[in-house]
Amino acid sequence: MSESIDVTGRLRKMPAEAGDPVAYNLAIGDNRITLNDLIGHKVRLNFDGVIRCIHCDRTTKKSFNQGYCYPCFRKLAACDSCIMSPEKCHYHLGTCREPEWGEANCMVEHVVYLANSSGLKVGITRATQVPTRWIDQGAVTAIPMLRVASRYLSGLVEVACKNHVADRTNWRAMLKGDVPELDLVQERERLLDLIADDLAQLRAQHGEESIRIVDEATLGLGYPVQVWPAKVKTHNLDKTPEVEGLLEGIKGQYLMLDTGVINIRKFTGYEVRFRVLD
Ligand SMILES: [Zn+2]
């Protein structure tokens, strides 16, 4: 069956569904390929040199912010620096690039969470992005800590947390499956104690109801991985337009091939051909 898979189109971020293991699809144009079934098979990805903006379809020589053309990168609120640094949200100053987008995506409930992707980290996401965000980061466990009124406020809470906890994933360790066991319920209690004064101050400024401590359970996530790489070598379609190998696993937004790993998200917007060779 699988040897008949040969599709061409624009690459998208991999849709994934929580479960044990997480169920991944490869999204190429309108095609959705069930990836978990292809583990143990040889696959090939060819990039034909065309990148089309995921927002406006225009072709672009270079991809900005994982799939956008330069004009969109400069114009869209989704590409503004406050998306990476939510504490810099400037909606309240009346300078949001797209106020309507901001209202729908930023001025809505956000979750401040703890996750274990390569050790303990804090992160924030729009409430509707749970658990997608955690899967994209390759977290093996994650737990909501606070529900807050806006992206801006989640950023301010995250800044307070960063004094005590990392906010980055070591993706090499994540891909090696090199992850310590953590009790996230306990870590959540510990961190809430450490930031209690910061939270009190933020509540005084933004309203008592704007930050809620939540008592939600830990979510565990398993990934479809047959063989963990001993050394993590990365494929880059910009340098090597043909990538081939035995699919050994999928974690985060990475395909793990016996020849190296490839971050699918990084190549969003690239026109590719994907084939199963055996
Ligand atoms: Zn564009």
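Details of the structure are given in the entry above.
All values reported here derive from a predicted model rather than from experimental measurement.

K.L.:
Give a description of the nonpolar core that names residues and reports values.
P.N.:
If you look at the biggest cluster of nonpolar residues, it comprises 45 residues, and the most contacted ones within it are Leu 26, Leu 35, Leu 237 and Phe 274. Those residues in contact with Leu 237, other than ones at most four positions away along the chain, are Leu 45, Phe 47, Val 243, Ile 262, Phe 267, Tyr 270 and Val 272. Judged by nonpolar contacts, the second largest core, of 21 residues, contains Leu 120, Leu 153, Val 157 and Ala 160.

K.L.:
Hey, could you go over the environment of Glu 189 for me, with residue numbers and the actual values?
P.N.:
Structurally, Glu 189 can be placed in helix α7 (residues 184–194). Spatially, the C-alpha atoms of Glu 189 and Leu 175 are 28 Å apart, while their sequence positions differ by 14 residues.

K.L.:
Residues and numbers for the coordination of the zinc ion, please.
P.N.:
Ideal geometry at a metal centre: 109.5 degrees between donors when four sit tetrahedrally, and 90 or 180 degrees when six sit octahedrally. Within the protein, the zinc ion binds to Cys 53 (SG), Cys 56 (SG), Cys 69 (SG) and Cys 72 (SG); these donor distances fall in the range 2.3 Å. The coordination sphere of the zinc ion comprises 4 donor atoms, whose angles at the metal cover 103 to 115 degrees; the geometry is tetrahedral. All donors of the zinc ion come from a single chain, and their spacing in sequence reads C-x2-C-x12-C-x2-C. Take Cys 69: its relative accessible area is 1%, and that puts it in the buried class. For Cys 72, a relative accessible area of 0% corresponds to the buried category.

K.L.:
Give a detailed account of the packing of aromatic side chains, specifying residues and quantitative values.
P.N.:
Aromatic ring pairs: the centre-centre distance and the angle between the two ring planes describe each pair. Enumeration over the complete set of coordinates arrives at 7 aromatic pairs. Each ring, one from Tyr 113 and one from Trp 134, has its centre 5.7 Å from the other, and the planes form 65 degrees; the classification is edge-to-face. Taken as a pair, Tyr 113 in strand β7 (residues 110–116) and Trp 134 in helix α4 (residues 132–136) lie far apart in primary sequence, 21 residues in all. Like Trp 134, Tyr 113 is buried. Judged by centre distance (5.1 Å) and plane angle (80 degrees), the ring pair of Phe 267 and Tyr 270 falls under edge-to-face. Here Phe 267 and Tyr 270 have matching classes, each one buried. Taken together, the ring pairs connect Phe 47, Phe 267 and Tyr 270 into an aromatic cluster.

K.L.:
Account for helix α5 (residues 151–161), naming residues and giving values.
P.N.:
Among the 11 residues in α5, 8 count as buried, and that is most of the element. The set of residues buried in α5 consists of Arg 151, Leu 153, Ser 154, Gly 155, Val 157, Glu 158, Ala 160 and Cys 161.

K.L.:
An account of helix α8 (residues 196–206) is needed here, citing residue identities and associated values.
P.N.:
Residues Leu 199, Leu 202 and Arg 203 constitute the buried set of α8. Taken down its axis, α8 places every buried residue within 100 degrees of arc, on the same side. Facing away from the buried side of α8 by more than 90 degrees, the exposed set consists of Asp 197, Gln 201, Ala 204 and Gln 205. In this structure, the buried side of α8 is in contact with β9 (141–148), α5, α7 and β10 (211–213). In the stretch just after α8, Gly 207 is the one whose phi turns positive, near 105 degrees.

K.L.:
I'd like a rundown of the sheet that holds strand β2 (residues 16–17), residues and numbers included.
P.N.:
Adjacent strands of a sheet form backbone hydrogen bonds with each other and so pair up, either parallel or antiparallel. Within the open sheet, the 3 strands sit side by side as β2-β3-β4. Their pairing is antiparallel. Of all strands in the sheet, those with a lone pairing partner are β2 and β4 (31–34), marking the two edges. In the sheet, β2 pairs with strand β3 (residues 23–28) via 2 bridges, with the strands oriented antiparallel. Bridged to Ala 16 within β3 is Tyr 24.

K.L.:
Account for the pairing of β7, with residues named and values stated.
P.N.:
Looking along a regular strand, one sees the side chains alternate between the two faces of the sheet. Counting buried residues in β7 gives 7 out of 7 residues, a clear majority hidden from the surface. Where burial is concerned, the two faces of β7 agree: the one with His 110, Val 112, Leu 114 and Asn 116 and the one with Val 111, Tyr 113 and Ala 115 are both buried. Bridge count for β7 against β9 is 7 bridges, and the pairing is antiparallel. Its bridge partner lying in β9, Asn 116 is registered against Thr 141. With 7 bridges connecting them, β7 and strand β8 (residues 120–126) associate as antiparallel partners. Within the sheet, the bridge partner assigned to His 110 lies in β8 and is Arg 126. Where β7 folds back on β8, the antiparallel hairpin that results is connected by 3 residues, among which Gly 119 adopts a positive phi of roughly 120 degrees.

So, how was this worked out
Residues numbered from 1 in each chain as written. Predicted model: local features only at pLDDT ≥ 70, side-chain atom pairs only at ≥ 80, totals over all residues. Heavy atoms only, no water. Core = buried A, V, L, I, M, F, W, Y, C linked by side-chain atoms within 4.5 Å. Buried < 20%, exposed > 50% of the residue type's maximum accessible area, 1.4 Å probe, protein only. Contact = heavy atoms within 4.5 Å. Helix = DSSP H or I, 4+ residues; strand = E, 2+ residues; numbered from the N terminus. Donors = N, O, S within 2.8 Å, 3.2 Å for Na, K, Ca; no water. Tetrahedral: all angles 85-135°; square planar, octahedral: opposite > 155°, others 65-115°. Phe/Tyr/Trp six-rings, centres within 6.5 Å; stacked < 30°, edge-to-face > 60°. Arc of directions from axis to C-beta. Pairing = 2+ DSSP bridges.

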